[in-house]
Amino acid sequence: MDKIFTQLDGLIGRYEELEELLSDPEVINDTKRYLELSKEEGGMRDVVAAYKKYKQVKQDISESEEVLRESKDDDLTELAKEDLNNLNPQLDQLETEIKKLMLPKDPNDDKNIIMEIRGAAGGDEASLFAGDLLSMYMKYAERQGWTTEIIDENPTEVGGYKEVSVLIQGQSVYSKLKYENGAHRVQRVPVTESAGRVHTSTATVGVMPEYDEVDLEIDPKDIRTDVYRSSGAGGQHINKTSSAVRMTHLPTGIVVTMQDQRSQQQNRVKAMQILRSRVYDYYESQNESEYAAKRKTAIGSGDRSERIRTYNYPQNRVTDHRIGLTLNKLDRIMNGELDEIIDALIVQDQTNKMEQIDE
């Protein structure tokens with residue numbers, strides 16, 4: 001913690017400087033600078049308040065210990081003991097709070113996401129499970145007050161999805177759904193199974209922050225765009241023009257096809273939106289792999305092939321394998337009640353990071 005306290009002493013100096021600047025008429029009249037400084041001050045406010053309180057409690061403990069050492073008055077020593085009994089747990093609690101507040105922030109936490117769900121092993125049953133996962137996340141998003149928009153889909157005849165992409169927008173979407181990255185396994189009796197045997201199928205979930213041009217500049221020379229006629233349902237207009245778009249990012253080989261929108265221009269916009277996030281995710285994953293190789297975390301690497309959770313329908317049970325959490329409320333979880341799992345994953349992630357600070 002000594003290293004953290006040294007940082008915090010410097011932080012308090014900067015915070016006091018910001019308070020002065022924000023009351024300076026010149027700064028107030030410069031809207032852009034004022035907003036930048038306000039954002040910086042806001043980001044430091046909680047940790048500065050917690051550290052000031054920590055220093056005050058530490059000072060109170062020091063004074064009470066001095067009374068115990070030097071006072072001959074029984075009433076005063078009794079009072080000092082009582083104070084120490086209250087103050088020491090407060091100090092521990094504040095230390096933990098400060099560690100949490102000082103954890104490095106994920107720069108993507110405030111971003112919207114593009115979530116891609118694919119039916120994997122298990123044929124029709126896997127595609128149906130992909131549809132169930134989509135429904136679960138959309139219900140969870142609704143509970144959070146977020147908005148959802150399906151931007152690409154490849155449905156199957158049985159009512160599921162080979163793959164589906166959904167844009168989820170709202171406050172701090174990535175911070176809550178980033179842990180969903182990976183392989184999800186379902187155990188249940190398929191609708192098509194006449195003998196009533198339990199089958200195991202999987203679907204994969206990919207979670208990518210949504211990026212714009214400011215976050216990631218893709219050189220137009222690195223993109224090959226092909227247009228062709230859309231196929232499938234969609235009305236008479238669908239085959240008259242070449243409205244479908246295929247974009248290939250040449251350096252990575254990432255391909256995005258889009259034919260869900262009514263015009264070629266709309267398909268281009270949506271394809272570029274997905275391509276940008278996939279390319280950024282590709283480069284970020286490479287960096288994260290290097291980092292994970294050096295330091296593993298209990299949450300897991302987020303690798304799409306890693307089985308992260310099992311949904312057991314006969315026993316109404318969901319198990320998250322990364323943190324060993326089992327809940328017998330699958331029906332409620334599939335209805336979008338994901339908070340208990342997501343909160344537990346966030347706590348575990350914070351715990352891991354705090355342990356790394358202590359090392």
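What you see is a predicted model; the values in this text were computed from it and never measured. (Residues numbered from 1 in each chain as written. Predicted model: local features only at pLDDT ≥ 70, side-chain atom pairs only at ≥ 80, totals over all residues. Heavy atoms only, no water.)

(A) Quick look at the nonpolar core. Met115, Ile117, Leu133, Tyr137, Leu177 and Tyr311 are the most contacted members of the largest nonpolar core, which totals 34 residues. Taken together, the elements giving at least two residues each to this core come down to strand 1 (113-119), helix 5 (123-144), strand 3 (161-169), helix 6 (173-177), strand 5 (199-209), helix 8 (330-333) and helix 9 (339-358). A per-element tally of this core places helix 5 first, with eight residues. Setting aside anything within four residues of it in sequence, one finds Leu177 in contact with Ile113, Met115, Tyr137, Tyr140, Trp146, Ile168, Val207 and Ile342. In this structure, Phe5, Leu22, Tyr51 and Ile98 belong to the second largest nonpolar core, which totals 23 residues. (Core = buried A, V, L, I, M, F, W, Y, C linked by side-chain atoms within 4.5 Å. Buried < 20%, exposed > 50% of the residue type's maximum accessible area, 1.4 Å probe, protein only. Helix = DSSP H or I, 4+ residues; strand = E, 2+ residues; numbered from the N terminus. Contact = heavy atoms within 4.5 Å.)

(B) Highlighting the pairing of strand 5. Counted residue by residue, strand 5 has eight buried out of 11 residues, so it is predominantly covered. With seven bridges connecting them, strand 4 (residues 182-188) and strand 5 associate as antiparallel partners. Considered in strand 5, the bridge of Gly182 is made with Val205. (Pairing = 2+ DSSP bridges.)

(C) Examining a negative patch on the surface more closely. Taken together, the side chains of Asp73, Asp74, Asp75, Glu78, Glu82 and Asp83 make up a negatively charged region of the molecular surface. Mapped onto the elements, Asp73 comes out in the loop between helix 3 (31-70) and helix 4 (74-102). (Patch = residues over 30% accessible without salt bridge, like charges linked within 9 Å, V, L, I, M, F, W, Y side chains within 5 Å. Areas by Shrake-Rupley, 256 points an atom, 1.4 Å probe, with all protein chains shown as cover. Salt bridge = Lys/Arg side-chain N within 4 Å of Asp/Glu carboxyl O. Lys, Arg positive; Asp, Glu negative; His and termini not counted. Charge placed at Lys NZ, Arg CZ, Asp CG, Glu CD.)

(D) Inspection of the side chain of Ser277 at higher detail. Among the structural elements, Ser277 can be located in helix 7 (residues 264-294). The class for Ser277 is buried, based on a relative accessible area of 0%. Within polar-contact distance, the side chain of Ser277 engages the backbone oxygen of Pro209 at 3.0 Å. In contact with Ser277, other than residues within four places in its own chain, are Ile114, Met208, Pro209, Glu210 and Tyr211. (Polar contact = N/O pair within 3.5 Å; in protein donor to acceptor, adjacent residues only side chain to side chain.)

(E) Spotlight on helix 3. Compared with an ideal rise of 1.5 Å per residue, which puts 40 residues at 58 Å, helix 3 spans 56 Å between its outermost C-alpha atoms and is within 8% of the ideal. The principal kink in helix 3, of about 40 degrees, is found at Arg45. Of the positions making up helix 3, those classed as buried are Leu37, Glu41, Met44, Val47, Val48, Ala50, Tyr51, Tyr54, Val57, Ile61 and Ser64. (Expected span 1.5 Å × (residues − 1). Bend = angle between axes of the 7 residues up to and from the residue.)

(F) Representation of helix 5. Spanning 22 residues, helix 5 covers 32 Å between terminal C-alpha atoms, matching the ideal 32 Å at 1.5 Å per step. Those residues of helix 5 lying buried are Glu125, Ala126, Ser127, Phe129, Ala130, Gly131, Leu133, Leu134, Met136, Tyr137, Tyr140 and Ala141. Gly145 sits one or two residues past helix 5 and shows a positive phi near 80 degrees.

(G) Region of the structure containing the environment of Asn88. The topology assignment puts Asn88 in helix 4. Sequence-wise, Asn88 and Ile61 are 27 residues apart; in three dimensions their C-alpha atoms are separated by 7.4 Å.

(H) Structural detail: the packing of helix 3 against helix 4. At their nearest, the axes of helix 3 and helix 4 sit 8 Å apart, and the two run at 155 degrees to each other. Comparing the axis directions of helix 3 and helix 4 gives the class roughly antiparallel. Two packed elements cross with a definite hand, and for helix 3 against helix 4 that hand is left-handed. For the contact of helix 3 with helix 4, a count of residues per class yields 17 nonpolar, four polar and nine charged. (Axes fitted to C-alpha atoms, helices over the stretch in contact; angles between N-to-C directions. Parallel < 35°, antiparallel > 145°, perpendicular 65-115°, else oblique. Left-handed = near helix turned anticlockwise from the far one by under 90°. Nonpolar A, V, L, I, M, F, W, Y, C, P; charged D, E, K, R; others polar.)

(I) Molecular detail of empty space enclosed by the protein. Within this structure, the stated rule accounts for one cavity of 30 Å³ or more. Estimated volume of the largest cavity: approximately 50 Å³. Forming the boundary of the largest cavity are Glu116, Ile117, Arg118, Asp152, Glu153, Asn154, Glu163, Val164, Ser165 and Arg278. Taken together, the elements giving at least two residues each to the lining of the largest cavity come down to strand 1, strand 2 (147-155) and strand 3. Classifying every residue of the lining of the largest cavity by side-chain character gives two nonpolar, two polar and six charged. (1 Å grid on protein atoms, 1.4 Å probe; cavity = no way out; pocket = protein on both sides within 12 Å on 5 of 7 lines; lining within 4 Å. Points joined across faces, edges and corners; volume = space filled by probe spheres on them.)

That's the geometry; what it means functionally is another story.
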